[in-house]
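# Structural features, examined
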Amino acid sequence: MARKSKRKVVEQTPPADDGDATEEESVQMDSDDDIPPIIDKDSDDEDGSNADAPAEEESKSSDKSNTKKKSKKKKSDNMVEAKKERIIPFMDTFYHLSSEDSPKDRSVAARDLIHHCFLTGKGVNQKDAAYALTRLMNGLCTGRAASRQGFASCLSSFLRVAYSSSDGSAIEELLNEDDFAKGLKKEEHHFATTIRLKLLSTTQILATDVNKSGKGQKKNSFGGKMKGIEERDHIYGRLFGILAVVRSGMLGLKDLPPTVIEGYAKDLVDLYHHKKWMREPSVHGLIELLSALDTGSNVELIAQVANSVITPTLLLSAGNASKADRAQFLQKLSPEQIAVALHLQTLQKNGIKYDSPLDKPLLTAESIPTLSAALSSTSDVVHPRSHVVWNTLWMYLTEENNSAGYRQLKTNEGFPEVIEKIIQCVVIEMLLGKGKGQSQPTNERRSLALQIICTLSGSSDLKITLPLDLIGHVLCPDVVTGVLVNVLCASGGAGKKKSKEAVQHHLKPFTSKMLLDLIDHCCENDDIDRRMAFAKAFILADPRFDTKTKSQTIASLLMLENDDEETSEESESQRKAIWQRYLSFLEEKIVLASSLHEATVYIELMFKLARRDLAKAPADDARRVVRFFMSGAFFDCSYLTDPSAAQKKSSTKKKKTKSKAAASHPNPPQELSSGLRIKEMLEENGRTSILPSARGIMAARFHSLLSDFVSAINSQNRGGNKNKPFYAKGSKPESIYRALSEVSGILSLLESSGAKPFVNTSTNSETDDASDMEDPMEASRASLLQVQSIANDALVNECDGSGDKDVLRAKAVFVTGCASLMMSLYLQLSDCGNDNEEEDDEDDDVFESVHEYISDLAECVDGFCQVMENENSLKKDDDEGNPLAAMAGLLVNILSSPVGGEDSGKATPVRSSASKLTRETVKVAWSGMISVINDLNEKNKTLKSLVDEDVMSILIESVCGEKSMTDDEHDEDESIDESDSSEDELGASAVFANASEAGMDLDEVNEDPASDSEESNEGSDDGSSKDSEDEDGGKDIELDPEKLENLLLEDSDAEMSDSGILEHHAGADKALAQLIKLKQEARKKSQVERERVEICNRIRCAVLLDSLFSPSVFNSGWLPVEAVLGSIVPILRSRKAIAKSIQALSPINTKKSLGEREGLLERLSALVKDKISKFRCSKHPEAEEVALKASSEIYEEMKLSLNNAHCSCCSIALITAVRCVPSLEENGAIRDIYASAVVDWSSRKATKIHECVFNDLIKRMPSLASLVLAKPLMTAAREAHSPFLKCESIKLMAALYKHDGTNADELMSKQAISTLKQCCSKAAETLKNALEDSSLQKAKHQDEVLNTTRHFVNYVKAQNEGILTNAELSGLQKALEKAGESQKGQKGKQLFSQISDTIKTLARLDIGEGQKPKHPKTPKVPKSSKKQKKSKK
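Residues numbered from 1 in each chain as written. Predicted model: local features only at pLDDT ≥ 70, side-chain atom pairs only at ≥ 80, totals over all residues. Heavy atoms only, no water.

## Describing the sheet that holds strand S3 (residues 464-465)
Our working definition: Any two strands with at least two DSSP bridges between them are considered paired. Here a strand is any run of E in DSSP of at least two residues, a helix any run of H or I of at least four, and the numbering for each starts at the N terminus. When checking whether two residues touch, look at their non-hydrogen atoms; a contact exists if any pair is within 4.5 Å. What counts as an axis is a line fitted to C-alpha atoms, over the stretch in contact for a helix, and the angles between N-to-C directions run from 0 to 180 degrees.
Taken together, three strands build an open sheet; the order of strands is S1-S2-S3 and the sheet is mixed. Looking at strand neighbours, the two that pair on one side only are strand S1 (398-400) and S3, the edges of this open sheet. Where strand S2 (residues 407-409) lies against S3, two bridges are found, and the strand directions are parallel. Paired with arginine 407 across the bridge in S3 is isoleucine 464. Taken strand by strand, helix H18 (residues 388-397) contacts S1, S2 and S3, and its axis lies near 70° from that of S1.

This is how it looks when you write it as structure tokens:
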């Protein structure tokens, strides 16, 4: 039956020379596995239950749209029954074979068709079977929907069932009914030949094809000329038909004539030559045909097909070279020809012999450069499909290994070198454009390169497992950068601009998936060496691969992720093993680095790993990194020796009878392992030392890592931490002491084992010149050993229990903390051996300071220990002074110097990192000292007296600035205004006059005119000293640039004198003006930097006050009230000064110092609000006087508040001071302060007091607030100078009457409760007046008044007795009703009405006739508060 002439055309005919792949080139057909079982004739159960239900589920939509005759059944039982019995009619199966909805639908149709033709139980339905065969072949040539796939799949199963019937006569019977077969002579043709001829006849495309007319012309079945689209359909129909025959298994029959297989091979070769775009599909079919033959029993047949058909017609076809010229033959091979040749040579392992040129291996290391052009040309086949040559190539190079599903390279064939050549010649040179004359890589080329890398990395379906030594060649830097990094970092936008719609590179998903598959492939077998090999490849290509690509590739390979999750013991052991290999790799790269950049990158990777390892104890890898950094940064390990090896050697001379195992050298000590490894690597590579610049980075990271180690110990010693501690149970200072002692011990062991510490040249020369003097290094070492001895004795005595337990515990905590600080200072004396003279000079100054600090610290420890052991020692030795003051001064000096702080413009990475460690140990030392006083203040009364005026002055001035503790009153506003105006008042003429009189350069002008005159008398002989003063921070004169330039250019038109000498030159004046401008700008920048460093140092010193004002200290009650309250005002003044400086910052300097100033501002605010506010004064005879004085000073500071934030700090501080006053509620001075504050706030327009003062008092001290604020606020509600303040006063009244004290820190006193009741009459009158006040008629004002009235009425209602008279309540009620009538909204009227109704239910106060209710008199409040002068000391 002929095909339908009308059909929907889907495919488009490509040009003859178009090499692009089309949809059908992949030769996709429904797999035979998709078709339900059909061979067994007794398959009714399978057809009915197992196959019908899922098939009908998938074909439900097509049945509804195409079979309208079937009606929907409403009952579910009937629908289920219909699904079980439904079978597609024979003629409808052809329509369903082209369904594109689901492969299952096509499979069911094929099953029913075959069942109808062969498996009905009545024999072969010859007529319908013959019709079906013709119809199936015709369907191959249609492009409607999925016809080609469905018909080809059905044809494959149809032929398999036909020739595999019980007697094998089914196919003969159906051919007897076929019209085409009847025209052939049966005795001359095998049925397989008949099938082939029928297929060729159905799909006529070539002049040699047999058609019905017998003339062999390219015509359609009606005799007309074939159109292009029809030719294309016939081409693909023939290809799919041949593949259907191959997949049917017919070619594997024993009695099959070889000519049939040769014929099909020739047909595929003809398709190859017919159209260029058919080359790959036809070769794919040819490979599948050869693969269908059994290589064990068909060796001669395969050789016959290859030698007689494939080699002459395909490989040596027209255009290729002869057999003799192999080089030219290889050069002209196409990718498809390479694929066929490689497939044939893959089969050659079974003993198949081919003729030339297949008798020699086609793919060798020597032939890859020749074949690279053909292989790289397959990039036009884009992802997700790859050219057939690549799959054939991988199958040729690999074989299955013992692991199921994995493949490995074949052995003994030199294939590793072939892989290297493919990467170099094809991927790098051709696809990535690195070869000579190659253009930039396109996305198509990069896609092919990515697919090659995927396959070789094991992230494809083949799962190839390469040898470890090949991974680095496959993932070389050029490949990783060009294929992975450049794709993952691409923005996906137009040009260099990022796309606004966040469009990503189209290869990015594929690349990301490749990396994930690679990780999964590596992690499946838990092969540590393979993980490390891939990680090395990525790191060598780009150490920041994960950061740049925003992936977790390296982290996953090295098991660096999910540190917080609990892992099994096996995973932990794997992680430990791979981290050890990773560290060894990084150590080698650092030691042998040829540039600073290279070394820095690997140092940072090692540092990150160590920090990650610090999360869990015992952090062995972090300790190893510390040892490596220390050995490489501070020591020349060329002369390092292993003492254990020397001892072993000497012992073996005495005992010769020991075994070989005992005679072998033991492992070196762990402390020396890093140094010995550095020595070994340097000797093996002919190097003398690590790069000096790299040693500096290692030193910086060494100090940073130690600091992080100390921080980790701190965090693990806090409560609630479930992690295993780094050391056995002990205090935080003790654990830190053990950690730093371990490092110091390694330092000493390295030096004693032959490692030579690096020493800068200047220090060396000074030591030689001062040989008579004591070596400061030895003195510092002696001081350190002295304190370490005290610490060790304290720890031993504590363990033994020999002495007072509390004293021993406190002493151990204190001394170990100080010893830790000394060790951190001592570590700063280690030098990297840099040759920079400027840095050497700076280091000399730092080293000198460190020596002094170590010596002073040892004296402080000794003095404080004496006070701990004997409380009378401080009285006897008055000359020695207060050890706590000495310690505080020493720690402040450390934190304010480059040793523990920062130096302006001279900070180096090493110094910055070392100072961080010093700051951590300063906290530990100071906290240990404070804890001693906390624990022993009851046993040793002398310890309480250590916190005196000197100690507080040192601490406060370190945070608040110098002279912050003095009592001199100064108006900072005026000083700032004067300093600002001084620049404008300074004339340029005076500057030049002073300069000319002094005879000096303008760059050396000093700020003080008096000093200028003194220097002018001395002359300019000592110019160097003046320069040094300028560099050290001398302030310059601020000159107005415009005035200066006008002055210099005033005589720019000067004339020549009589002698012909030019008296004045305008250009020189202009240059001089520009020079002065530059000098001023440089000095201003230097001044800003110095101020920034000073602020940073003040922030660092704040930690000392934090420890002193900690809750544990306040709870112990030993801290004097003078120390706490006396520090409040200086802190407030300093805070205000910092806030002013922030406001006065110029735009140029804002970015540089704004963050530091804001940080100090927050730190000072936290000291007041979070620390000092928790202070509660214990009973002390002088507490009242101190507290009242502090309250008065704080109030004066409050009246000068800069803003609301500063006023809030003053408010909290005032409450803290007020709490310290005994008999607080009876003290009139406190009442006067707050009453004056209310008056100032409500009456003065320029007041600096804010509402937060009263809110804070009501929240924190409601009882006192009721006593001191009730009446003043009621007065302010009537007499305030603005409606806003009246409204705010009324709001505060609401807070008073709402707060009953039940939820406060303290309950309301009886006096406060009585005062509130007594003020109710005045409060009612105040609210009545507010409701009638014309200035408070706005909606927001009315809401506040109404809210306060509600709280007040509820308060009165809650009292058990009447406290207001009928007249007072009636007046308030009438005011409410009148105000409610003026409301526009119904809701507002209801609120007023509800409160008015509540007033009606209130109890009244009974009074006699003719008597008036007695109300307490309101005390007079001063209208203003004058500023009291403080007595100067």
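## Some words on a negative patch on the surface
Here is the rule: Any residue with relative accessible area above 30% and no salt bridge may belong to a patch, with like charges joined within 9 Å and the nonpolar Val, Leu, Ile, Met, Phe, Trp and Tyr side chains within 5 Å. To measure how exposed things are, a 1.4 Å probe is used in the Shrake-Rupley method; for residues, cover is taken only from the protein chains shown. Any carboxyl oxygen of Asp or Glu that lies within 4 Å of a side-chain nitrogen of Lys or Arg is treated as forming a salt bridge with it. For the purpose of counting charges, residues Lys and Arg are taken to be positive, whereas Asp and Glu are taken to be negative. His and the chain ends are not included. Taken as the charge centre is NZ of Lys, CZ of Arg, CG of Asp or CD of Glu, depending on the residue.
Taken together, Asp845, Glu848, Glu852, Asp856, Glu859 and Asp862 make up a surface patch of like negative charges. Note on placement: aspartate 845 falls in helix H38 (residues 837-869).

## Observations regarding helix H14 (residues 299-315)
Rules: To estimate the expected span of a helix, count its residues, drop one, and scale the result by 1.5 Å. We call a residue buried when its accessible area falls under 20% of the maximum for its residue type, exposed when it is over 50%, and partly exposed in between, using a 1.4 Å probe and counting protein chains only.
With 17 residues, H14 should reach 24 Å at 1.5 Å per residue; the first-to-last C-alpha distance of 20 Å falls well below that figure. Where H14 is concerned, the buried positions are Val299, Leu301, Ile302, Ala303, Val305, Ala306, Val309, Ile310, Thr311, Leu314 and Leu315.

## Some remarks on the packing of helix H20 (residues 443-457) against helix H23 (residues 508-524)
Test applied: Our angle categories are set so that under 35 degrees counts as roughly parallel, over 145 as roughly antiparallel, 65 to 115 as roughly perpendicular, and the remainder as oblique. Only Asp, Glu, Lys and Arg are considered charged, only Ala, Val, Leu, Ile, Met, Phe, Trp, Tyr, Cys and Pro nonpolar, and every remaining residue, Gly among them, polar.
Running from amino to carboxyl end, H20 crosses H23 at an angle of 10°, the nearest separation of the two axes being 10 Å. The angle between the axes of H20 and H23 places the two elements in the roughly parallel class. Between H20 and H23, the contacting residues are Ser447, Leu450, Gln451, Ile453, Cys454 and Ser457 on the first element and Phe510, Thr511, Met514, Leu518 and His521 on the second. By residue class, the composition of the contact of H20 with H23 is six nonpolar, five polar and no charged.

## Some thoughts on the packing of aromatic side chains
Note the cut-off: Pairing of aromatic rings covers Phe, Tyr and the six-membered ring of Trp, with a centre-to-centre limit of 6.5 Å; geometry is then stacked below 30 degrees between planes, edge-to-face above 60, and tilted otherwise. Charge-over-ring contacts are defined here by two conditions on Lys NZ or Arg CZ: a distance within 6 Å of the ring centre and an angle within 35 degrees of the ring normal.
Overall, the coordinates contain 17 aromatic pairs when judged by the stated rule. Ring geometry for tyrosine 396 and phenylalanine 415: centres 5.5 Å apart, planes at 50°, overall tilted. Of this pair, tyrosine 396 sits in helix H18 while phenylalanine 415 sits in helix H19 (residues 415-431), and the two are 19 residues apart along the sequence. Phenylalanine 415 shares its class with tyrosine 396; the two are buried. In textbook terms, an aromatic cluster arises when at least three aromatic residues are bridged by ring pairs, as seen for Phe90, Phe94 and Tyr131. Directly above the ring of tyrosine 406 sits lysine 463, whose terminal nitrogen or CZ lies 5.5 Å from the centroid. Lying across the ring of tyrosine 639, lysine 756 places its NZ or CZ 4.2 Å from the centre.

## Regarding the environment of isoleucine 1142
Here isoleucine 1142 shows up in helix H51 (residues 1128-1143). Separated by 13 residues in the primary sequence, isoleucine 1142 and glycine 1155 place their C-alpha atoms 9.7 Å from one another. Those residues in contact with isoleucine 1142, other than ones at most four positions away along the chain, are Leu1154, Arg1157, Glu1158 and Leu1161.

## Quick look at the packing of helix H27 (residues 569-591) against helix H29 (residues 620-634)
Here is the rule we go by: Note on convention: the crossing is left-handed when the near helix lies turned anticlockwise from the far helix by less than a right angle, right-handed when the turn is clockwise.
Taken N-terminus to C-terminus, the directions of H27 and H29 make an angle of 15°; their axes are 11 Å apart at the nearest point. Looking at the two axes, H27 sits roughly parallel to H29. In terms of crossing hand, the pair formed by H27 and H29 is right-handed. On the side of H27, the interface is formed by Lys576, Trp579, Gln580, Leu583, Ser584, Glu587, Ile590 and Val591, while H29 contributes Asp620, Asp621, Arg624, Val625 and Phe628. Here the residues of the contact of H27 with H29 are counted per class, giving six nonpolar, two polar and five charged.

## Considerations on unusual backbone geometry
Cis peptide bonds are those with omega within 30 degrees of zero, and the linkage from serine 356 to proline 357 qualifies with 10°. Positive phi, close to 55°, is recorded for lysine 463, a residue that is not glycine. As for its placement among the helices and strands, lysine 463 is situated in the loop between H20 and S3. If you check the backbone angles, lysine 550 has positive phi at about 55° while not being a glycine. Locating lysine 550 in the fold gives a position in the loop between helix H25 (545-549) and helix H26 (553-557).

## Things to note about helix H34 (residues 732-752)
For H34, with 21 residues, the first-to-last C-alpha span of 30 Å sits near the 30 Å given by 1.5 Å per residue. Within the span of H34, buried status applies to Pro733, Glu734, Ser735, Ile736, Tyr737, Ala739, Leu740, Val743, Ser744, Ile746, Leu747 and Leu750. Positioned one or two residues after H34, glycine 754 has a phi angle of 110°, which is positive.

## Quick word on the pattern of salt bridges
Under the defined criterion, the tally for this structure stands at 38 salt bridges. Arginine 611 is the partner of aspartate 708 in a salt bridge, and the nearest nitrogen-oxygen pair spans 3.2 Å. Residue aspartate 708 is located in helix H33 (residues 692-716), and its partner arginine 611 is located in helix H28 (residues 596-613); the two are separated by 97 residues in the primary sequence. For aspartate 708, a relative accessible area of 13% puts it in the buried group. Between glutamate 1156 and arginine 1092 there is a salt bridge whose closest N-O contact spans 3.5 Å. Placement of glutamate 1156 in helix H52 (residues 1147-1171) and of arginine 1092 in helix H48 (residues 1066-1108) is noted, with a sequence separation of 64 residues between them. Taken individually, glutamate 1156 and arginine 1092 each receive the classification buried, so the pair is uniform in this respect. Taken together, the shared-partner salt bridges in this structure form one network comprising Glu734, Arg738, Glu798 and Arg809.

## Observations regarding the nonpolar core
For the record, the criterion: Only buried residues count toward a nonpolar core. Its members are Ala, Val, Leu, Ile, Met, Phe, Trp, Tyr and Cys residues joined through side-chain atoms within 4.5 Å.
Counting residues in hydrophobic clusters, the biggest one holds 381 residues, and the most contacted among them are Phe118, Phe158, Leu397, Phe814 and Leu1269. Here this core gets 13 residues from one element, more than from any other, and that element is H38. In contact with phenylalanine 118, not counting residues within four places along its chain, are Gly123, Val124, Ala129, Phe158, Val161, Ala162, Ala170 and Leu174.

## Section: the environment of asparagine 714
With respect to the helices and strands, the residue asparagine 714 is situated in helix H33. For asparagine 714, a relative accessible area of 11% translates into the label buried. Taking the C-alpha atoms as reference, asparagine 714 lies 8.7 Å from proline 733; in sequence the two are 19 residues apart. Here asparagine 714 is in contact with Lys732, Ile736 and Glu920, once residues within four sequence places are set aside.

## Re the confidence of the model for the protein chain
Note the following rule: Per residue, pLDDT captures the predictor's confidence, and it can take any value from 0 to 100.
Looking at the protein chain as a whole, its pLDDT mean stands at 78, while 75% of the residues score no less than 70. In this model, residues 652-665 is a region of pLDDT below 50 whose contacts with residues beyond four sequence positions or in other chains number six contacts.

## Some thoughts on the environment of threonine 641
With respect to the helices and strands, threonine 641 occurs in the loop between strand S4 (635-636) and helix H30 (643-654). The sequence separation of threonine 641 and proline 668 amounts to 27 residues, and the corresponding C-alpha distance is 9.5 Å. Setting aside anything within four residues of it in sequence, one finds threonine 641 in contact with Leu672, Leu676 and Ser753.

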